[in-house]
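Spelled out, the chains give:
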Amino acid sequence: MGLVGLHQYLDRVEELLEARQVEEASAHCQHILQQEPYHIDTMRLLGRIYLEQQNYNDALKVFVKVLRADPEDLIAHAGRGLAYKEKGDITKAIWHMERAAEIDAYNITVQEELTTLYKSAVGYQPKNKDLTQAAIARLHVLGGFYSQAQSELVEIIKKSPDRYDLK
């Protein structure tokens, strides 16, 4: 049997997850993490597997490890949002889903989930979904408007010094 690259292996594990062979996919992720304990892509996939298994506590733990390595990981924030939602902590679910929306302001799935969370939190669906200041700053960066992004980020960090993802 020939050697398989790690990314190819993960692609196969993801196929297992999509085929609902969750236990086997989990075992493969655990195997990879025994060899490469800090492999972010594997941790991210394992977090998704834990969500599928409704193992929300472990999903939260894995996704926080991903966020320590990359505070702007869309999947980890969205995953934590979903896990907190299922655990009934809507405030934390909204916070993480808002971070995911800031990272990818035009992600329809994230926007729909955020709308659902707002509706469950306040009892109605907001009409306008304005971009947050952080989302605007990220769009400025993507567009090459660095001085505008810097101005936005400085203002946000003054208001919320715990926003390490923006520092």
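Residues numbered from 1 in each chain as written. Predicted model: local features only at pLDDT ≥ 70, side-chain atom pairs only at ≥ 80, totals over all residues. Heavy atoms only, no water.

Caption draft 1: Seen up close, the packing of helix α8 (residues 133-143) against helix α9 (residues 146-159). Two elements in contact, α8 and α9, have axes separated by 8 Å at closest approach and are oriented at 155 degrees. In terms of orientation, α8 and α9 fall into the roughly antiparallel class. At the point where α8 passes α9, the crossing takes the left-handed sense. For the pair α8 and α9, the contacting residues are Q133, A134, I136, A137, H140 and V141 in the first and Y146, Q148, A149, E152, L153, E155, I156 and K159 in the second. Each residue belonging to the contact of α8 with α9 can be placed in one class, and the counts come to eight nonpolar, three polar and three charged. (Axes fitted to C-alpha atoms, helices over the stretch in contact; angles between N-to-C directions. Helix = DSSP H or I, 4+ residues; strand = E, 2+ residues; numbered from the N terminus. Parallel < 35°, antiparallel > 145°, perpendicular 65-115°, else oblique. Left-handed = near helix turned anticlockwise from the far one by under 90°. Contact = heavy atoms within 4.5 Å. Nonpolar A, V, L, I, M, F, W, Y, C, P; charged D, E, K, R; others polar.)

Caption draft 2: Quick look at the packing of helix α5 (residues 74-87) against helix α6 (residues 90-103). It is the contact of α5 with α6, at a shortest axis distance of 7 Å, that shows an interaxial angle of 160 degrees. Relative to α6, the element α5 is oriented roughly antiparallel. Crossing hand, α5 versus α6: left-handed. Only I90, K92, A93, W95, H96, M97, R99, A100 and I103 of α6 make contact with α5, whose side of the interface consists of L74, H77, A78, R80, G81, L82, Y84 and K85. Partitioned by chemical class, the residues of the contact of α5 with α6 number ten nonpolar, three polar and four charged.

Caption draft 3: A look at the nonpolar core. In this structure, L45, I49 and M97 are the most contacted members of the largest nonpolar core, which totals 35 residues. By residue number, the principal contributor to this core is helix α4 (residues 56-69), which donates seven residues. Setting aside anything within four residues of it in sequence, one finds L45 in contact with L10, V13, E14, L17 and C29. The next biggest cluster of nonpolar side chains, apart from the first, holds five residues, and it includes A134, A137, I156 and L166. (Core = buried A, V, L, I, M, F, W, Y, C linked by side-chain atoms within 4.5 Å. Buried < 20%, exposed > 50% of the residue type's maximum accessible area, 1.4 Å probe, protein only.)

Worth remembering: the numbers are spatial, not functional.
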